[in-house]
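Coordinates in review
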Amino acid sequence: MHMNSHEGKAILALIRDGDFAHAGEEESIRLVLDHIPQGQPGPILDVGCGRGGTADFIRRQGWSPMVGIDIDATSIAEASQRYPLVQFQTANVEHLVDCITGKFGMFVLFNSFYAFPDQALALGQLRKIANDSALLVIFDYTDPAGMFEHKDIKVARYDYWQPLKLAQLPAQLKQTGWALHSVEDLTLHYAQWYRQLVNKIHAKREAIVGEYGKDWYDFVERDYSEMLQCIERSWLGGAIVLAKAI
Ligand SMILES: C[S@@+](CC[C@H](N)C(=O)[O-])C[C@H]1O[C@@H](n2cnc3c(N)ncnc32)[C@H](O)[C@@H]1O
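Report on the accompanying structure.

Parameters at a glance
- Residues numbered from 1 in each chain as written.
- Predicted model: local features only at pLDDT ≥ 70, side-chain atom pairs only at ≥ 80, totals over all residues.
- Heavy atoms only, no water.
- Helix = DSSP H or I, 4+ residues; strand = E, 2+ residues; numbered from the N terminus.
- Phe/Tyr/Trp six-rings, centres within 6.5 Å; stacked < 30°, edge-to-face > 60°.
- Buried < 20%, exposed > 50% of the residue type's maximum accessible area, 1.4 Å probe, protein only.
- Lys NZ or Arg CZ within 6 Å of the ring centre and 35° of its normal.
- Polar contact = N/O pair within 3.5 Å; in protein donor to acceptor, adjacent residues only side chain to side chain.
- Contact = heavy atoms within 4.5 Å.
- Near = heavy atom within 4 Å.
- Areas by Shrake-Rupley, 256 points an atom, 1.4 Å probe, with all protein chains shown as cover.
- Nonpolar A, V, L, I, M, F, W, Y, C, P; charged D, E, K, R; others polar.
- Pairing = 2+ DSSP bridges.
- Right-handed = clockwise from strand over helix to strand, strands pointing away.

Before going further, it helps to spend a moment on unusual backbone geometry. Here the residue pair serine 64 and proline 65 is connected by a cis peptide bond, since its omega of -5° sits within 30 degrees of zero. Structurally, proline 65 can be placed in the loop between α3 (53-60) and β2 (66-70). Notably, glutamate 25 is not glycine yet its phi reads approximately 40°, a positive angle. Looking at where glutamate 25 falls in the secondary structure, it is placed in helix α2 (residues 25-34).

In structure tokens:
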């Protein structure tokens, strides 16, 4: 069982009442869009777009053309059916240059960067398909106490996690052709969003067990309750990062 699998994201969509697998659903997308300077030219690429709800929501706020890529082919096939006004493509961010044509004016990453195995490679690939005034927007988890660096968190789900390390971010971006523009801490929002999420999981118990079985319900409930504990202990936070192409 894995929350980033097609089935995991389908369960999250049921819980969140929308095709979102990121903290804060539509509220956080609006928060991110508020940070983007007016007139930032497109096209826009949603990197690690999952089920496509975020890309389509952004399109409906007036941003276009919208393109979404994700490594999960099943989610991409479904997103293409549900949101025909967004162009979706199955792709690994680490090999984007080989499968995407054209240049982009903006990249949005909603809780996907933490899951990329080689973040430097991913940032470098995005820079290669960015135009010279491109903006990179990363909405993601942070590692405020350095717990992930030393793998101190003994929870299986975190084995592959690489949340943002804000102290190292300027150098990480610069080495890959990006300059850090701003960081807004969202940890208090994350605590509130994950409290709400755990409550929604409890409220939707019957529907989750009915459609996906008790094992999945137990897994999801434990997973997000532990995640909420990590946020409340300041082991995990959240932020919006803006960077510009250099
Ligand atoms: C937590 S989900 C977020 C999905 C989406 N951004 C949203 O907000 O609903 C993380 C997504 O990153 C995708 N992902 C992980 N590694 C990837 C990679 N190397 N290339 C492209 N997508 C990847 C996963 O398949 C998953 O859909």
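A complete count under the given rule lists 17 aromatic pairs for this structure. Relative to tryptophan 193, the ring of phenylalanine 139 has its centre 6.1 Å away and its plane inclined at 45°; by these criteria the two rings are tilted. Here tryptophan 193 lies in helix α8 (residues 187-203) and phenylalanine 139 lies in strand β5 (residues 130-142), a separation of 54 residues in the sequence. The pair formed by phenylalanine 139 and tryptophan 193 is uniform in burial state, with each residue classed as buried. Members of the aromatic cluster, connected to one another through ring pairs, are Phe110, Tyr114, Phe139, Tyr141, Phe148, Tyr160, Trp161, Tyr190, Trp193, Tyr194 and Tyr224. For the cation-ring pair, arginine 205 lies above tyrosine 217, with the distance from its terminal atom to the ring centre recorded as 5.0 Å. If you follow arginine 233 out to its NZ or CZ, it ends over the ring of tryptophan 235, 5.2 Å from the centre.

Tracing the backbone shows threonine 176 in the loop between α7 (169-174) and β6 (178-185). Reaching out from threonine 176, the side chain makes a polar contact with the backbone oxygen of glutamine 172 at a distance of 3.0 Å. At 2.9 Å, the side chain of threonine 176 and the backbone oxygen of leucine 173 are in polar contact. Beyond its immediate stretch of four places on either side in the chain, threonine 176 contacts Ala120, Leu123, Gly124 and Arg127.

As a further point, take the site of the ligand. In the region of the ligand, 20 residues are neighbours, and Lys9, Ala21, His22, Gly48 and Asp70 sit closest. Between alanine 21 and the ligand, the recorded distance is 2.7 Å, taken from a backbone N or O atom to an oxygen atom. Separating a nitrogen atom of the ligand from a backbone N or O atom of isoleucine 71 is a distance of 3.3 Å. In isolation the ligand exposes 600 Å². Once the protein is present, 95% of that is buried. A per-class count over the shell around the ligand returns nine nonpolar, eight polar and three charged.

To continue, consider the pairing of strand β4 (residues 104-110). Taking burial as the measure, the seven residues of β4 include seven buried ones, the bulk of the element. Pairing analysis gives six bridges linking β4 to β5, with the strands arranged parallel. Each residue of the ladder has a partner; that of valine 108, found in β5, is valine 137. With helix α6 (residues 119-128) bridging β4 and its parallel neighbour β5, the resulting β-α-β unit is right-handed.

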